[in-house]
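Structural characterization, general
The residues making up each chain are set out below.
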Amino acid sequence: MRNSIFLLLFAICCITAVAFRFEKPPKVFSIQIPKKWPRPVYDFSKNPLTEIGFELGRKLFYDPILSRDSSISCASCHLQYTGFTHVDHAVSHGIDGRKGTRNTLALINLAWQKSFHWDGGVTNLETQAINPLQHTAEMDNSLSAVIKRLNASSNYPSLFEKAFGKKEITTSNLMKALTQYTVSLISANSKYDKVSRKEKGIFFTEQEKRGLKLFDAHCNSCHTAPLFTNTLFASNGLKIDSLLKDTGRFAITGFPGDSLNFKIPTLRNIEFTFPYMHDGRFKKLKDVIHFYSEGIDYQSPYLSPHLKDRKHFTEIEKKDLLAFLYTLTDKEFLYNPRFSFPR
Amino acid sequence: MQQLIFVFFLVYFSVISFSQNERSIQFVPVFQGKKVELSKKYESDGNWIQFESLRFYVSTVSISGEKSTWQDPNGAHLIDLEDSLSLFISHDAKNGNRLTFNIGLDSSTNVSGIMDGDLDPIKGMYWAWNTGYINFKLEGFSSESMLPDKHFEFHLGGYLFPNATIQAVEIPLDSWQDRIVVELELGKLLPNLPWQSTPSILIPGKDAVKISKILPTLFQLPSDEK
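A brief look at the structure comes next.

So, how was this worked out
Residues numbered from 1 in each chain as written. Chains lettered and ligands numbered in written order. Predicted model: local features only at pLDDT ≥ 70, side-chain atom pairs only at ≥ 80, totals over all residues. Heavy atoms only, no water. Phe/Tyr/Trp six-rings, centres within 6.5 Å; stacked < 30°, edge-to-face > 60°. Helix = DSSP H or I, 4+ residues; strand = E, 2+ residues; numbered from the N terminus. Buried < 20%, exposed > 50% of the residue type's maximum accessible area, 1.4 Å probe, protein only. Lys NZ or Arg CZ within 6 Å of the ring centre and 35° of its normal. Salt bridge = Lys/Arg side-chain N within 4 Å of Asp/Glu carboxyl O. Pairing = 2+ DSSP bridges. Axes fitted to C-alpha atoms, helices over the stretch in contact; angles between N-to-C directions. Parallel < 35°, antiparallel > 145°, perpendicular 65-115°, else oblique. Left-handed = near helix turned anticlockwise from the far one by under 90°. Contact = heavy atoms within 4.5 Å. Nonpolar A, V, L, I, M, F, W, Y, C, P; charged D, E, K, R; others polar.

**Description of the packing of aromatic side chains**
Within the structure shown, the criterion is met by 38 aromatic pairs over all chains. Aromatic pair Phe 27 of chain B and Phe 219 of chain B: ring centres 6.1 Å apart, planes at 90°, arrangement edge-to-face. A residue pair is termed long-range when its members are at least 10 positions apart, and Phe 27 of chain B in strand β1 (residues 24-31) and Phe 219 of chain B in strand β15 (residues 219-220) qualify at 192 residues. Here Phe 27 of chain B and Phe 219 of chain B have matching classes, each one buried. Linked through ring pairs, Phe 54, Phe 61, Tyr 62, Phe 84, Tyr 181, Phe 333, Phe 339 and Phe 341 of chain A together constitute an aromatic cluster. Its guanidinium or amino end placed over the ring of Phe 233 of chain A, Arg 249 of chain A lies 4.2 Å from that ring's centre, counting from NZ or CZ.

Right, here's the structure in full:
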């Protein structure tokens, strides 16, 4: 009996030794933090970025294997060319065409975000993807089914082994791989950025300058440069949707003062992330500017203090603001082949 | 080859020392003094109850005595009635007169990103929409439930003020034994559950906090050891 145990243990050791072949760990790289930007919020020390980890995350992002019936991928609702949002959809549809209740958020500069989703219910980028993966109106899958499917696939175990040193795919490594990709989606090469960096030959037009001045005076306290969000929540005076009755952050914190408060989204690439607002109620950017000029519900007890001083924009001012907002478009980001479908 | 032999002996002696180590804390869920079995119908005072799932996190375990304190180095443990091995937490204390632990996880664990082992979200103790862990989960059927199918599910969690649900438990150990058995008397919890209003608590909030505050009173030494 004792000999059998001894032999069994010896066999376990041999298998362990083979399983943990000591290979050279993949080379770690850091994201490029644009000059004068704040330090990222994401803790890279627990998930050092590697090229193989990034590529694995990218492959997973575009792979419908994550959804219950393998019909949709993350990219189905987060399209690169439109700032990783679901262009032209007020709210997104997931598996079986099921509709959600909120507009898809853009995936831009996530390394600087303290919380995720319109209500900030997710507090760490690493755990964000669990929600769409399990949500019945999105991928409608279970973690155990996804992990089982990935482990049974022909290619993923070896890719995870290369990226994380072990063949067995776990929730942790799946989420870390996805994070390596999404945390790398940095947009900092818009015209605004180039003018700010005083790049040669790039200047604002007179209209854009006027727009910037208006923006600084009326928008920047919430949509604060350089991220064009202060990463907080606010009620911007939108009346509650009578059908969805979405109270926003209140559902997470339970504080009455958080009613109708939603994440302040980045305005980077705003030209292409239409429709706008948490429920996608405005199709065009000019509708949004018109709303801030004429549509705010000043009776709302939850209205952000930053919006309480009424500001009526003239038609010319609206066009100036629009011109400035277009300078936040970063085509190098939107068309960066490094972020596109892996071929 | 030398590395292989080293690994072998390391594993061998670890297994031998583990099998000899009988120092443990064992959680035994009971209902009116009887050991709880899942899917078994228990009758009491004209009512019946059937437990289908009982899981909870235990963290920051320590055993302290007059001279020394043992602090569990392993962080959090998921106690799951379905998994008999999970009911044991091994310890290294030689003596002690006080056992303390938390039911649930602290706020730092809740916001620290993706975790492995007992904290893997795959264990079904994680909320994805309002990220954070469920500290205590009790599910089953009861004649007292107002729902037509008599189902009940109490998922108690939440780490943000004022809805934090983590609870501290302190149990005096009158006489020392290497194997410490801690009963969890569910019978004390049932009269305090909102059977007629909300037999399905699935979000952090006042209701979850109210029930969580009762949880420490459930933990006790077996009556013959008191």
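That shown, we press on.
**A few points about the pattern of salt bridges**
All names here are of chain A. Counted by the stated rule, this structure contains 20 salt bridges over all chains. Arg 68 is paired through a salt bridge with Asp 140; the nearest N and O atoms lie 2.9 Å apart. Here the residue Arg 68 occupies a position in the loop between α2 (51-61) and α3 (125-128), and Asp 140 occupies one in the loop between α4 (130-134) and α5 (143-152), the gap between them amounting to 72 residues. For Arg 68, a relative accessible area of 35% gives the class partly exposed. The salt bridge partner of Glu 332 is Lys 194, with a shortest N-O separation of 2.5 Å. Residue Glu 332 is found in helix α13 (residues 331-334), and its partner Lys 194 is found in helix α8 (residues 191-196); the two are separated by 138 residues along the sequence. Judged by its relative accessible area of 43%, Glu 332 falls in the partly exposed class. Connected through shared salt-bridge partners, Arg 102, Asp 119 and Asp 246 make up one network.

**Here's the deal with the pairing of β1 of chain B**
All names here are of chain B. Within β1, eight of the eight residues are buried, which leaves the element mostly enclosed by the surrounding structure. Of the two faces of β1, both are covered, the one formed by Ser 24, Gln 26, Val 28 and Val 30 as well as the one formed by Ile 25, Phe 27, Pro 29 and Phe 31. Bridge analysis of β1 against strand β7 (residues 88-90) gives three bridges, and the strand direction is antiparallel. Looking at the pairing, Ile 25 lines up with Ile 89 of β7. Pairing geometry for β1 and strand β13 (residues 179-185), over seven bridges, is parallel. Across the sheet, residue Val 30 finds its bridge partner in β13, namely Glu 185. In the sheet, β1 pairs with strand β2 (residues 34-35) via two bridges, with the strands oriented antiparallel. In the strand pairing of β2, Val 30 is matched with Lys 35.

**Focus on the packing of helix α11 (residues 285-295) of chain A against helix α12 (residues 315-326) of chain A**
Residues and elements named next belong to chain A. At a minimum axis distance of 10 Å, the contact between α11 and α12 shows a crossing angle of 130°. One way to sum up the angle between α11 and α12 is to call them oblique. Both α11 and α12 take part in a crossing whose hand is right-handed. Side by side, α11 and α12 meet where Leu 285, Lys 286, Ile 289, His 290, Ser 293 and Glu 294 of the first sit next to Lys 318, Leu 321, Leu 322, Leu 325 and Tyr 326 of the second. Taken together, the residues of the contact of α11 with α12 break down into six nonpolar, two polar and three charged.

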